[in-house]
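Residue-level structural notes
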Amino acid sequence: NPSFGISQIREVTPIFTAKSGELRDVLISRLESEGTNQVRVDMLSYLSRTTLDIIGLAGFNYSFNALYNREDGLAKAFNGIFQSTGGLPLALIFRTQFPFLRPILRFDELSKSGAEVERRTKEIGYRLIAAKKEEMREKGSSLGGTAKSKDLLSLLIQSNLEATGDTGKTLTDQEVFHQIPTFLLAGHETTSTATTWTLFSLAQHPEIQNRLRNELLTLHTESPTMEELNSLPYLEAVVRESLRYHSVVTGTLRVATQDDVIPLEKPFVDKSGNLRNGIATASIWGADAKSFKWESVSKDSYSIPGVWGNQLTFLGGPRACIGYRFALVECVFPVYVPEHLLMFGGLQDEGIAIRSHKEL
């Protein structure tokens, strides 16, 4: 997808840098306000607001300013969607099992939050689309052609305008609008969660964090280019292992195009002639597959047909995640920039309770 190509991601890199710098400044302000050199913070909350700001600007040139202002209507609506309900709502079960009840069973909190998100997204989304189309026409007219914009929504509308008259290749405003919640959902919540797990792991492994910081400091800038980030092998290894070990999206649904048999009910013989009674991760990632392995990647994983990193974080094939480059850069910058001045730690000797918790 051209909207997520390397050149397009490079153009919005300053947004990643600026927002990651704001995250660092907010954390430093917390330290200064506490008058101490350490403070306990909810990094998922901070990172979720940071990535929302990033996707707002890079995706639609819309400023949520969520790091400093939590009162934005759309941000508050999304917060209601991501809040844990504390269990599986009864109304959701009935709507899933009995589709004809869906128009009726809309009284639970999850449904109310969803309706508010839909209302606010439509209100803002259609306004953005109309404004961008008008802006492109005006700029295109003054420049003697179609104006070029950097954000993802503008690129989508721009390609749509250029294809006008080519039957079957244009999208209606409604179809363009439906890409907005997809960008919002895919572009901030998963990446903020993945980055949180990366920082959590660094806090548990101070020796890894120190080695990573030493590598980051070889770049004498707080605003690195994509090429400079790509030149840091240990940073790539840390992010890669974090995405392998802490799988943010643990599964996906697919429909087979043809019938096949996976013989796991009883022992089977693999292509090497070995008798097996299951597929173990150790056969791919090694005996220490269930622990962090920062130093090396198993050669057996090279056969995994993922679109990135010889793993299925972003799936593979024609249905792979089209925005994986965007997501990777969005994960890396909030690690790179704060790590220059801050140390994440204090978790080695504490009892850690891992629970479901999502928040903007």
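We now turn to the structure provided with this report.

1. Quick look at the overall build of the protein
For the protein, the helix and strand inventory stands at 14 helices and 2 strands. Scored against the burial criterion, the 360 residues of the protein give a buried share of 42%. Sequence-distant contacts in the protein: of pairs separated by 6 or more residues, those separated by 24 or more amount to 67%. As displayed, the protein has an accessible area near 20,500 Å², and 54% of this comes from carbon and sulfur atoms.

2. Focus on the environment of Gln38
For Gln38, the position within the fold is in the loop between α2 (13–34) and α3 (43–60). For the pair Gln38 and Phe344, spaced 306 residues apart in sequence, the C-alpha to C-alpha distance is 9.3 Å.

3. Some details on the pattern of salt bridges
A complete count under the given rule lists 7 salt bridges for this structure. Here Glu227 and Arg10 are joined by a salt bridge, their closest N and O atoms 2.6 Å apart. Separated by 217 residues along the polypeptide, Glu227 in helix α11 (residues 226–230) and Arg10 in helix α1 (residues 6–11) bring together distant segments of the chain. Assessed through its relative accessible area of 42%, Glu227 is described here as partly exposed. Residue Arg10 is classed as partly exposed on the basis of its relative accessible area, which comes to 37%. With its nearest N and O atoms 2.8 Å apart, the salt bridge here joins Arg244 to Glu241. Remark: Glu241 and Arg244 occur in helix α12 (residues 233–245); sequence separation between them is 3 residues, near one turn of the helix. Neither Arg244 nor Glu241 differs from the other in exposure class; each is buried.

4. Regarding unusual backbone geometry
The phi torsion at Asn65 lies on the positive side, around 50 degrees, for a residue other than glycine. Here Asn65 lies in the loop between α3 and α4 (73–82). A residue is classified by how much of its surface remains accessible, and Asn65, at 30% relative accessible area, is partly exposed. Phi angles above zero are rare outside glycine, and Asn310 is one such case at about 55 degrees. Of note, Asn310 is situated in the loop between α13 (282–285) and α14 (324–339).

5. Regarding the packing of aromatic side chains
Working definition: an aromatic ring pair is given by the centre-to-centre distance plus the angle between the planes. This structure, assessed with the given rule, holds 6 aromatic pairs. With centroids separated by 6.0 Å and ring planes inclined at 20 degrees, the aromatic side chains of Phe16 and Phe333 adopt a geometry described as stacked. Of the two residues, Phe16 sits in helix α2 while Phe333 sits in helix α14, which places them 317 residues apart along the sequence. The exposure class of Phe16 is buried, given its relative accessible area of 0%. Aromatic ring contacts, followed pair by pair, group Phe16, Phe326 and Phe333 into a single cluster. We note Arg240 situated over the ring of Trp308; from NZ or CZ to the ring centre the distance is 5.2 Å.

Cut-off values and rules
- Residues numbered from 1 in each chain as written.
- Predicted model: local features only at pLDDT ≥ 70, side-chain atom pairs only at ≥ 80, totals over all residues.
- Heavy atoms only, no water.
- Helix = DSSP H or I, 4+ residues; strand = E, 2+ residues; numbered from the N terminus.
- Buried < 20%, exposed > 50% of the residue type's maximum accessible area, 1.4 Å probe, protein only.
- Contact = heavy atoms within 4.5 Å.
- Areas by Shrake-Rupley, 256 points an atom, 1.4 Å probe, with all protein chains shown as cover.
- Salt bridge = Lys/Arg side-chain N within 4 Å of Asp/Glu carboxyl O.
- Phe/Tyr/Trp six-rings, centres within 6.5 Å; stacked < 30°, edge-to-face > 60°.
- Lys NZ or Arg CZ within 6 Å of the ring centre and 35° of its normal.

Interpretation note: all reported values are geometric properties and have no functional meaning in isolation.
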